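Architecture at a glance
Spelled out, the chains give:
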Amino acid sequence: PAAGPDGLVTSIGVLADDRIAISGSFTSVNGSMANRAARLMPGGGKDFNFNAPGTLDSAPGALAVQPDGRFLIGGAFSMPAPR
């Protein structure tokens, strides 16, 4: 098992391909930068092919997995993330 996130994980979702989406108050996962949102491989290691768009200025409060493998995060952000 890997070291994991350096802060609280508040939301978890399992994607159709068994990867795991997480969000919370963490800033890194397994020692690599992850600004409050990350995607993990089935074994728990960070998926380095995922880069969260934009800067989340507060911890997300919700996460929803979509059928196409994408996931949405929601929270009280003061700056919108780019699309």
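Our structure's up above, just so we're on the same page.
Before going into details, it helps to say that this report is about the structure given with it. Quick caveat, the model's predicted, so the values are computed rather than measured. (Residues numbered from 1 in each chain as written. Predicted model: local features only at pLDDT ≥ 70, side-chain atom pairs only at ≥ 80, totals over all residues. Heavy atoms only, no water.)

Section: the sheet that holds strand S5 (residues 37-40)
- Strands sit in the order S1-S2-S5 across an open sheet of three strands; the sheet is antiparallel. The outermost strands of the open sheet, each flanked by one partner alone, are strand S1 (9-14) and S5. Averaged over all pairs of adjacent strands, the angle between strand axes in this sheet comes to 20°, irrespective of strand direction. (Pairing = 2+ DSSP bridges. Helix = DSSP H or I, 4+ residues; strand = E, 2+ residues; numbered from the N terminus. Axes fitted to C-alpha atoms, helices over the stretch in contact; angles between N-to-C directions.)

Description of the side chain of Ser-23
- With respect to the secondary-structure elements, Ser-23 resides in strand S2 (residues 20-24).
- Of the residues examined, Ser-23 reaches a relative accessible area of 0% and is grouped as buried.
- Not counting the four nearest positions on each side in its chain, Ser-23 is found in contact with Val-9, Thr-10, Ser-11, Arg-36, Ala-37, Pro-60, Ala-62, Leu-63 and Ile-73. (Buried < 20%, exposed > 50% of the residue type's maximum accessible area, 1.4 Å probe, protein only. Contact = heavy atoms within 4.5 Å.)

Re unusual backbone geometry
- Residue Asn-30 is not a glycine yet carries a positive backbone phi of 55°.
- Tracing the chain through its elements places Asn-30 in the loop between strand S3 (28-29) and strand S4 (32-33).
- The partly exposed category is assigned to Asn-30, whose relative accessible area is 24%.
- Here Arg-36, not a glycine, exhibits a phi torsion of approximately 70°, which is positive.
- Looking at the secondary structure, you find Arg-36 in the loop between S4 and S5.

A few points about the pairing of strand S7 (residues 71-74)
- Pairing of strand S6 (residues 62-65) with S7 involves four bridges; the strand directions are antiparallel. Looking at the pairing, Leu-63 lines up with Ile-73 of S7.
- The hairpin turn running from S6 into S7, its antiparallel successor, is five residues long, and Gly-69 in that turn takes a positive phi close to 95°.

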